[in-house]
Structure formats: structure tokens, C-alpha cells
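Chain residues, written in single-letter form:
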Amino acid sequence: MAKRKQVTERDESDSESDNPTSISMTFDFFDPNPNVDYHALHRLLLQLFHTDSLLFNPHALVELVLSQPLVGTTVKASDGGMEADPMALLTVINMRVHKAHDSIKAIGDYVLKKSASDPVFHGLLQSLLAKEDGEGDLGLVISERLINMPPQVAAPSYKMLANEILWALDDAEPYQFSYYLFISRVYVLTAEEEETMRVASRGNKRQRLPIAGTSTTKEGEGGGGTYPFHPEDEVIAAHALHTLDFAFTSTPSEPRDADSFGLDVRGRIMLVKSERMGDLAVAMEETYRVPVEGASEQMEE
């Protein structure tokens, strides 16, 4: 069942072009559907966890996501309807309630290992993951989408998730979180790669990789930059109590040289206090506001 027909992406050519064109694509939002979404969600999880995906039993993780279809959202192309493959996913999983689940246990161990270089962050994660009662649980946010999808699909997805959590709490479901844990990906560019991609993007209006002005690398760290694959991750990082980038475990031990092919991809974990999630959702909506002609606020029954 469609939740909302929300986002229309429009891509117009340069006004100086002799043949101006306009391409539009509308997306619908759906509850996760166990009958049709399994394989596409599995591919999204493989993309999210990159070379370390097999450490988390992604098949079992997809089944867990699909077992709670009333909390979470998939995004699909409108012309495909409910039967289309999801192009984006946003959901949250209670890491205490599901701590015995193979995937959640593996993810918990993984973030503890990766955060060891930051004692304060590591200690807080250790405390949250060791909790036995239901007072202020840790919510694992699983958010991934195809790279070329517009970030505007993120804002309504977060708004829907916030509402669904409130509805679940009204039904005494275990979604009372004190913190939200985000796992995402970034890529690192050398100064030379950065300039090459910036030049290439000047003539490509559909360039999605955020090259200009979004590096999270501080000055003096090698001349290149670290960039999120999804621009909306910057909004999350701005509201996070802790943010940490790390190398994937299943990464070749040989250093990446100048002739290496592809991007230098790394992982990122972010921890957001529950009190900040409302501000995060508002900032997401303001930053990636949907054009008026591309949005419809009604819920579809």
C-alpha cells in the first residue's frame, strides 16, 4: 500500500542549450513488503556494508527488516507501483530486543571494534549495547538508496519513520530509543582525484557525487577530502554526538596507489541522541525541500 506520492525529480538542461529538455520522475513511498522486496533490499544492504557485508549475514538482516513492515519505508518509482523494486530503504531496529539475532550481534561487535580508536565513543556504545532493560534502547538506523536518487526522498522518509515510531509506542511496541546509531559510507579523494572529478562534474548536471564544499576532512590532512555518498548524511553528522570514519575490515592490506581503479571507500558510524532527531528531521526537510509541484501531502488509503 502506498503511503504517499511525494517526490518528483526534475532535471532541466542548461538554458543556453539549443534543445532544452525536462525529465521528471515521481516516487511513491511504501511499507516494506515481504512478498516483493526481498532481493532488492538485499542488494541495498550489500551496497551499504560494502566489502564487509558478508560479516553481517545480509540475508537474515533483510528478513528481520521485513518482519517489522509497519516501521520503515521503501521508495519506488511511481510507474512501477507496489511491485517495483525498492530504490531506497529507511528503517530502525532495536538492538537490545534483537541482540541475539546473528546480524545485530555481528553489527554490535563490529561497531565496538571500529570505535576502539575513540575511547569516549567506544565506552558509550559499550554501555548502550550492554543494557538489559528497556529504558532508552539503541536504535540501529538502516538507510540506503541508489546513488543517483535525489536526496529529496530522504526528508519525507524520516518524517514517516518518526510518525511510525510514535504509533508503535502507542501500541506498546519497543521503539523507545535514547540514541540512534547510523552506519553509512564515505569516499576519500586525493587532491588530484578531487580536481579531476570537479572538472568532470562541471559539464554534467546530473553529477551526484558531492564534490564542492562538502568535504569533512580538515585542512592540512593531505590536500584531498572525505565525502559522504549521500549528501543528507551531512545533516545527520551535524546533529550527531559522535561521528567516526573507519576502514572496512575486508579491505586489501596493500596501500592504495595513484593507479588504483575506483574510489577509496570507507565506513562511517554516527550516534545521535533521541532529543536531536526532531531537529534532524526539520533540518533534513529544510535542506532538501521538495518543489511544490513535486509533492502531495495526502496519505493514500
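No experiment lies behind these values; they were computed from the predicted model shown.

Let's talk about the overall build of the protein chain
And step 1. Helix and strand counts for the protein chain come out as eight helices and nine strands.
And step 2. Expressed as a percentage of the 301 residues in the protein chain, the buried residues total 48%.
And step 3. Sequence separation of at least 24 residues holds for 76% of the intrachain contacts in the protein chain that already meet a minimum separation of 6.
And step 4. If you sum the accessible surface of the protein chain, you get close to 15000 Å²; carbon and sulfur atoms cover 52% of it.

Quick word on the pattern of salt bridges
And step 1. Here the structure, examined in full by the defined rule, presents 11 salt bridges.
And step 2. Here D85 ties to R43 by a salt bridge, and the two come within 3.2 Å at their closest N and O atoms. Linking D85 in the loop between β3 (73–77) and β4 (88–94) with R43 in helix α1 (residues 38–49), this pair joins segments that are 42 residues apart in sequence.

Considering helix α5 (residues 154–170)
And step 1. Taking 1.5 Å per residue as the helical rise, α5 with its 17 residues ought to reach 24 Å, and the 25 Å between its terminal C-alpha atoms agrees with that figure.
And step 2. Among the residues of α5, A154, A155, P156, S157, Y158, M160, L161, E164, I165 and A168 are the ones counted as buried.

Considering the confidence of the model for the protein chain
And step 1. Averaged over every residue, the pLDDT of the protein chain is 83; the share at 70 or more is 76%.
And step 2. pLDDT under 50 marks residues 12–18. Its contacts with residues more than four places away, or in other chains, come to eight contacts.
And step 3. Here residues 292–301 is a poorly scored stretch, pLDDT under 50, and it has 21 contacts once near neighbours within four places are set aside; other chains count.

Regarding unusual backbone geometry
And step 1. One non-glycine residue, N57, adopts positive backbone phi at about 50°.
And step 2. Mapping N57 onto the fold places it in the loop between α1 and α2 (58–66).
And step 3. Phi is positive for A172, close to 60°, though the residue is something other than glycine.
And step 4. Examined against the element boundaries, A172 turns out to sit in the loop between α5 and β6 (177–189).

Re the side chain of R268
And step 1. Along the chain, R268 turns up in strand β9 (residues 264–273).
And step 2. Here R268 falls in the buried class, since its relative accessible area comes to 2%.
And step 3. A polar contact of 2.6 Å, which involves the side chain of R268, links it to the side chain of D245.

Re the environment of P231
And step 1. Residue placement: P231 occurs in the loop between β7 (225–228) and α7 (233–239).
And step 2. Given a relative accessible area of 19%, P231 falls into the buried group.
And step 3. Sequence spacing of P231 and P151 is 80 residues, and the spatial spacing of their C-alpha atoms is 6.7 Å.

Description of the pairing of β9
And step 1. Taken across its 10 residues, β9 has eight buried, putting it largely inside the fold.
And step 2. Of the strand pairs in this sheet, β6 and β9 are connected by 10 bridges, and their pairing is antiparallel. Bridged to V186 within β9 is R266.
And step 3. Bridge count for strand β8 (residues 242–246) against β9 is five bridges, and the pairing is antiparallel. In the sheet register, H242 faces β9, and the bridge partner there is L271.

Concerning the packing of α1 against α2
When two helices pack together, their arrangement is given by the angle between the helix axes and by the axis-to-axis distance.
And step 1. Taken N-terminus to C-terminus, the directions of α1 and α2 make an angle of 120°; their axes are 9 Å apart at the nearest point. Between α1 and α2, the interaxial angle falls into the category oblique. The two elements α1 and α2 cross, and the hand of that crossing is right-handed. Residues Y38, L41, H42, L45, L46 and F49 of α1 pack against P58, H59, L61, V62, E63, V65 and L66 of α2.
And step 2. Residues belonging to the contact of α1 with α2 are distributed by class as follows: 10 nonpolar, two polar and one charged.

Section: the pairing of β4
For a regular strand, side-chain orientation follows a simple rule: the groups alternate between the two sheet faces.
And step 1. Within β4, seven of the seven residues are buried, which leaves it mostly tucked inside the rest of the structure.
And step 2. With burial as the criterion, each face of β4 is covered, one bearing A88, L90, V92 and N94 and the other bearing L89, T91 and I93.
And step 3. Pairing analysis gives three bridges linking β3 to β4, with the strands arranged antiparallel. Each residue of the ladder has a partner; that of T74, found in β4, is L89.

Rules used in this analysis
- Residues numbered from 1 in each chain as written.
- Predicted model: local features only at pLDDT ≥ 70, side-chain atom pairs only at ≥ 80, totals over all residues.
- Heavy atoms only, no water.
- Helix = DSSP H or I, 4+ residues; strand = E, 2+ residues; numbered from the N terminus.
- Buried < 20%, exposed > 50% of the residue type's maximum accessible area, 1.4 Å probe, protein only.
- Contact = heavy atoms within 4.5 Å.
- Areas by Shrake-Rupley, 256 points an atom, 1.4 Å probe, with all protein chains shown as cover.
- Salt bridge = Lys/Arg side-chain N within 4 Å of Asp/Glu carboxyl O.
- Expected span 1.5 Å × (residues − 1).
- pLDDT = per-residue confidence, 0-100.
- Polar contact = N/O pair within 3.5 Å; in protein donor to acceptor, adjacent residues only side chain to side chain.
- Pairing = 2+ DSSP bridges.
- Axes fitted to C-alpha atoms, helices over the stretch in contact; angles between N-to-C directions.
- Parallel < 35°, antiparallel > 145°, perpendicular 65-115°, else oblique.
- Left-handed = near helix turned anticlockwise from the far one by under 90°.
- Nonpolar A, V, L, I, M, F, W, Y, C, P; charged D, E, K, R; others polar.

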